[in-house]
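Geometric and topological summary
Chain residues, written in single-letter form:
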Amino acid sequence: METTVAIIGAGNGGSAIAAYLASQGVKIHLCDLFPQYLEGIQAAGGIDLTLDGKTSHYPLEMVTGDVPEAIRGVHLIMVVTPSFTHKMIAEACYSALTDGQVVVLNPGRTGGALEFQNTIRSKGCTANITIAETQTLIYSCRKTGPASVEIYGVKKEVELGAFPSSQTQRVLDLLQGYYPQFTPAQNCLETSLSNIGALFHPAPVLLNIGRIESDSKGYRYYWDGISPSVAVLVKAIDKERMAVAQAYGVRILSAEEWLRQSYDTYGDNLYDLIQHNQAYGDIMAPTTIEARYVTEDVPMSLVPISELGKAAGIFTPTIDSVIQLTSTIYKRDFRAEGRCAKNLGIEGMNKEQVAHYFETGKC
C-alpha cells in the first residue's frame, strides 16, 4: 500500500479520490493543469468529503499546478481527468518520470494507455514505467463547492488493465488496500473496447442536435433522447465495437449485458433496458452542442475503435459515419486530432502486431 500518491486532476473524480485516499491516511500530492480548480482547495487547506451522509475535512500534503513537482519521488500517479487531457499531462510530466513509477488513467477511455506511452516516448522519455487504465471511474461523485466533494456511489467492480499486460497484477497489488473493487482485465484492449460512453454519447447527441440547440427547456437525455430509432443506431455501433473486440480475441459485454449487470433494469432490447432504468430518469441532455459527449467521446472513443477495426480488417461504417458527420458539423477533424493510429503509435501495424503491442508494450 502506497503512503504517498500523486493525483493529477482536481475535478469531480480527482477530488473524490484525493479526499478518500487522504481519509485512509495517504499523503496526497494534488495537481491540476488548470489553476482555477486548485484555488479553493489551497485556500481551505484540503477537501471536505461527504460519504455515507457524513462530511469530514481532509488536509492534503501538497496542492500544486506543477506536474513534475507533484510526481517527484512518488511511486503511484493517478490521472483522473477527461481523456482529451491525457496527452497534455503526458507532455507535462515526461521529463520527470523515473524508473518504476506507475501511472493509472481513471478512466483511459479507448487507447488511453497507448496514447500516453506514445506521447512520452516521442518526447524522448526512456523511463521504465507502467501505464494502466480503468474501464470507468470508480465513483459516482460531484464537487459541491470549490473545496468539497460528495461520493454518491461506489462501483462494485471496475476492470483495470496495464500496459504491458504482464504488469496488471502489480498495479492491482498497489491499489488493493484502498480499492479492492479493481479487477484484472485481459489487457488494455479489453478496458479500451469496454468503453460504453462511445455508444451512449455521440450518436444520441448527433440525432438530437437540433433539439439541443432550439429547446431551451431541455429534455431527458436517455428517456427522451434515445427513442426506438436512436436505439437502433446505438445498437449498430455496439455491433461494430463487439466485432472489433472479437477480432482481437477480447471478451467484452454488449450494451444490453452491461445495462443488466450495472443497473436494476429489465427489457428484451436496448431501448427497453434504457427506458426501464430508473437511474437514467433525471439525467438531462447537454444544454449546448459543445459537450464532452461529442468533443471527447468522438476523438477519444469512436476514432480509436475505428482505427483498431481498420488494423484488424473490420469495417465500421456506422462508427465512421458518426465521426464524419460530427467532424463536419463541429468544423473539426476529429479523426486527425483524436486517437488515430499515428497518435496511438500503431500506424502501419496489422492485427497481430497491434495485439502483440498491447500485450508486451513492444512493437
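Residues numbered from 1 in each chain as written. Predicted model: local features only at pLDDT ≥ 70, side-chain atom pairs only at ≥ 80, totals over all residues. Heavy atoms only, no water.

**Overview of the overall build of the protein chain**
Applied cut-off: Segments assigned H or I by DSSP are reported as helices when at least four residues long, segments assigned E as strands when at least two residues long, and all are numbered from the N terminus. We compute the radius of gyration over the C-alpha atoms and compare it with the globule rule, which gives 2.2 Å times the number of residues raised to the power 0.38. For the exposure calls, accessible area comes from a 1.4 Å probe over protein chains only, and a residue counts as buried if that area is under 20% of its type's maximum, exposed if over 50%, partly exposed in between. Between two residues, a contact is recorded if the distance between any of their heavy atoms is within 4.5 Å. In short, Shrake-Rupley with a 1.4 Å probe defines the accessible areas, and a residue's cover is counted only from the protein chains shown.
Secondary structure summary: the protein chain contains 19 helices and 12 strands in total. For a compact globule of 363 residues, the expected C-alpha radius of gyration is about 21 Å, and the protein chain comes in at 20 Å, within 12% of that figure. Principal-axis analysis of the C-alpha atoms gives the protein chain an extent of 50 × 50 × 35 Å. The buried share of the protein chain, taken over its 363 residues, is 57%. Within the protein chain, residue pairs in contact and separated by at least 24 positions form 70% of the contacts whose partners lie at least 6 positions apart. Just so you have it, the protein chain exposes about 15100 Å², and 49% of that area is on carbon and sulfur atoms.

**A look at the sheet that holds strand 12 (residues 182-184)**
The following threshold applies: Strand pairing is assigned whenever DSSP identifies at least 2 bridges connecting the two strands. Axes here refer to lines fitted to C-alpha atoms; in helices the fit is confined to the stretch in contact. Angles between the N-to-C directions go from 0 to 180 degrees.
As summarised here, the arrangement of the eight strands in space is 5-2-1-6-7-8-11-12, forming an open sheet in which the pairing is mixed. Each end of this open sheet is capped by a strand with a single partner; those strands are strand 5 (62-64) and strand 12. For this sheet, the mean angle separating the axes of adjacent strands, direction not counted, is 25°. Bridge count between strand 6 (residues 76-79) and strand 7 (residues 102-105): four bridges; the pairing is parallel.

**Regarding the environment of Gln24**
Spelled out, the test is: As used in this structure description, the phrase polar contact means that two N or O atoms lie within 3.5 Å; if the pair is within protein, one of them must be able to donate a hydrogen and the other to accept it, and residues adjacent in sequence are counted only when both atoms belong to side chains.
Relative to the helices and strands, Gln24 resides in the loop between helix 1 (12-23) and strand 2 (27-31). We classify Gln24 as partly exposed; its relative accessible area is 42%. A sequence separation of 212 residues divides Gln24 from Ala236, and the C-alpha atoms of the two residues are 44 Å apart. Reaching out from Gln24, the side chain makes a polar contact with the side chain of Ser23 at a distance of 3.2 Å.

**Quick notes on the nonpolar core**
Just so we agree on the cut-off: We call a set of buried residues a nonpolar core when its members are Ala, Val, Leu, Ile, Met, Phe, Trp, Tyr or Cys and they connect through side-chain atoms within 4.5 Å of each other.
Ile71, Leu97, Phe116, Phe200, Tyr248, Leu308 and Ile346 are the most contacted members of the largest nonpolar core, which totals 81 residues. The element contributing the most residues to this core is helix 15 (residues 298-312), with seven residues. Excluding its chain neighbours within four sequence positions, the residues that come into contact with Phe200 are Tyr221, Tyr222, Val234, Ala255, Trp258, Leu259, Leu270, Ile274 and Tyr280.

**Examining the side chain of Arg339**
Within the fold, Arg339 resides in the loop between helix 17 (334-337) and helix 18 (341-344). Reaching out from Arg339, the side chain makes a polar contact with the backbone oxygen of Thr110 at a distance of 3.1 Å.

**Concerning the pattern of salt bridges**
Any two side chains of opposite charge can pair, given that their charged atoms come close. To keep it simple, the criterion reads: Basic side-chain nitrogens of Lys or Arg form a salt bridge, by our definition, when they fall within 4 Å of a carboxyl oxygen of Asp or Glu.
A complete count under the given rule lists 12 salt bridges for this structure. Its salt-bridge partner being Asp238, residue Arg241 comes within 2.7 Å of it at the nearest N-O pair. Taken as a pair, Arg241 and Asp238 lie in helix 11 (residues 228-247) at a separation of three residues, close to a single helical turn. In this structure Arg241 comes out as buried when scored by relative accessible area, which is 0%. In this structure Asp238 comes out as buried when scored by relative accessible area, which is 1%. The network of salt bridges with shared partners includes Glu307, Lys310, Asp320 and Arg335.

**Observations regarding the side chain of Ser15**
Tracing the backbone through its elements, the reader meets Ser15 in helix 1. Setting aside anything within four residues of it in sequence, one finds Ser15 in contact with Gly9, Ala10, Ile41, Ile47, Lys143 and Val149.

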